[in-house]
Amino acid sequence: MPETILEVKNLSVSYGAVRALQNLTLQVNKGELVSLCGVNGAGKSTTLKAIAGVLKPTAGEIILHGKPIAGRTPEQVHKQGVALVPEGREIFPTLTVAENLRLGAFGRYDAKRFAADLEDMFTLFPILRERYHQAGGLLSGGEQQMLAIARGLVSHPDLLMLDEPSLGLSPNMVDQIFQLIAGLKERGITILLVEQNAERALQLADHAYLLSTGSCVFAGKPADMAREDVARIYLGGGERA
Ligand SMILES: Nc1ncnc2c1ncn2[C@@H]1O[C@H](COP(=O)(O)OP(=O)(O)O)[C@@H](O)[C@H]1O
Ligand SMILES: [Mg+2]
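Presented here is a report on the structure given in the accompanying data block. Predicted model only: the values in this text are computed from it and were never measured.

**As for the overall build of the protein**
- Along its length, the protein carries 10 helices and 10 strands.
- The C-alpha atoms of the protein give a radius of gyration of 17 Å, which matches the 18 Å a tight globule of 241 residues would have.
- Based on the C-alpha atoms only, the size of the protein along its principal axes is roughly 50 × 40 × 40 Å.
- Looking at the protein as a whole, 41% of its 241 residues are labelled buried.
- Expressed as a percentage of contacts within the protein between residues at least 6 apart in sequence, the contacts between residues at least 24 apart total 66%.

**Considerations on the nonpolar core**
- By size, the foremost hydrophobic cluster in this structure holds 65 residues, and its most contacted members are Val82, Ala150, Met161, Ile191, Leu193 and Leu210.
- With six residues, helix α6 (residues 141–153) is the largest single contributor of residues to this core.
- Apart from residues no more than four positions distant in its own chain, leucine 210 is found in contact with Cys37, Gly38, Cys216, Val217, Phe218, Met225, Val230, Ala231 and Tyr234.

**Concerning the sheet that holds strand β6 (residues 82–85)**
- Ordered by their spatial adjacency, six strands build an open sheet running β6-β7-β8-β3-β9-β10, and the pairing between neighbours is mixed. In the strand order of this sheet, the two ends are held by β6 and β10 (215–220), each with one partner. Put simply, the sheet's adjacent strands are angled 15° from each other on average, direction ignored.
- In terms of strand pairing, strand β3 (residues 33–37) meets strand β9 (residues 207–212) through four bridges, oriented parallel. Residue cysteine 37 lies in a different strand from β9, and its bridge partner there is leucine 210.

**Observations concerning the environment of alanine 17**
- Mapping alanine 17 onto the fold places it in the loop between β1 (4–15) and β2 (18–29).
- Alanine 17 gets classed as exposed once you count the C-beta atoms within 10 Å, which come to 5.
- Between the C-alpha atom of alanine 17 and that of histidine 133, which follows or precedes it by 116 residues, the distance is 45 Å.

**Quick notes on the site of ligand 1**
- Around ligand 1, the structure places Tyr15, Val18, Ala20, Gly38, Asn40, Gly41, Ala42, Gly43, Lys44, Ser45 and Thr46.
- Contributing elements (two or more residues each) for the shell around ligand 1: β2 and α1 (44–52).
- No other element matches α1, which puts three residues into the shell around ligand 1.
- Along the lines of polarity and charge, the residues of the shell around ligand 1 split into four nonpolar, six polar and one charged.

**Considering the pairing of strand β7 (residues 159–163)**
- Across the five residues that make up β7, a large majority, five, are buried.
- Residue alternation in β7 divides its side chains into two sets, Leu159, Met161 and Asp163 and Leu160 and Leu162, and both sets are buried.
- Across four bridges, the pairing between β7 and strand β8 (residues 191–194) is parallel. The residue bridging methionine 161 from the neighbouring strand is leucine 192, located in β8.
- Following the chain from β7 across helix α7 (residues 171–186) to the adjacent parallel β8, one finds a crossover that is right-handed.

**Some thoughts on the environment of aspartate 117**
- Checked against the element boundaries, aspartate 117 lands in helix α4 (residues 111–124).
- Judged by the 20 C-beta atoms lying within 10 Å of it, aspartate 117 is buried.
- The spatial distance from the C-alpha of aspartate 117 to the C-alpha of leucine 153 is 8.8 Å, given a sequence separation of 36 residues.

**Side note on the sheet that holds strand β4 (residues 59–64)**
- Reading across the sheet, the four strands line up as β2-β1-β4-β5 and stay open at both edges, with antiparallel pairing between neighbours. The open sheet is flanked by β2 and β5 (67–68), the only strands paired with a single partner.
- When β4 meets β5, the two strands line up antiparallel, connected through two bridges. In the sheet register, isoleucine 63 faces β5, and the bridge partner there is proline 68.

Basis of the calculations
- Residues numbered from 1 in each chain as written.
- Chains lettered and ligands numbered in written order.
- Predicted model: local features only at pLDDT ≥ 70, side-chain atom pairs only at ≥ 80, totals over all residues.
- Helix = DSSP H or I, 4+ residues; strand = E, 2+ residues; numbered from the N terminus.
- Rg over C-alpha atoms; globule rule 2.2 N^0.38 Å.
- Buried ≥ 20, exposed ≤ 12 C-beta atoms within 10 Å, placed from the backbone.
- Contact = placed C-beta atoms within 7 Å.
- Core = buried A, V, L, I, M, F, W, Y, C linked by C-beta atoms within 7 Å.
- Pairing = 2+ DSSP bridges.
- Axes fitted to C-alpha atoms, helices over the stretch in contact; angles between N-to-C directions.
- Near = placed C-beta within 6 Å.
- Nonpolar A, V, L, I, M, F, W, Y, C, P; charged D, E, K, R; others polar.
- Right-handed = clockwise from strand over helix to strand, strands pointing away.

It is worth stressing that arrangement in space is one thing and function is another; only the former is reported here.
Structure (structure tokens):
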């Protein structure tokens, strides 16, 4: 039996009267890459924010390592091993790359380990070594995304959640980001990935969930999602999944 890292059961989230997510159930096992798909407004970011403790669910359970975490603060959830790399990167533009990375380890900071972690991040993202003392805001979009992912990784998360990591990047940078995600998966890092680029995400995924207007319309193997035609129907435009 694979070890279960995250279980979400019947999760619902509302923004006032707007019901953004209804009854979502999903599971992420250790070492898996799980892809959460859906068009704009489907409820993907809402799901990740609820898991991260940024939004309070109106109903349902979020279980991490077998323990319920719904209602905990983002700091508590982070400390428990969940790192969210948010949509739009949200790095601190006036802080240096170094300071941004240090913040990522906040709450799980281990001075002895941090130096080694930094070296590891520089191996994964050589550009961050070059930019180490520069303000985050001076980095290109792709570099900021790398910084945001590195900031998530320095906390040694048990679950890394990536929200639209390739959004707004050049085709070459999109390739680099997907290669990087493939590399993280090879390292055994457990990933919950939200991507508009469903085709690329599904190539890497062990399991996939498809959201449409806040409800789950498919859960299963990526190949079945393509086969059952749900991707074409719910991702629209006649695109392939
Ligand atoms: N802060 C907010 N206030 C009100 N409605 C919101 C807010 N954020 C998102 N929504 C709505 O919730 C739904 C899901 O949004 P979101 O989770 O951001 O979708 P996705 O990430 O899949 O594009 C959408 O209808 C969106 O308009
Ligand atoms: Mg979103």
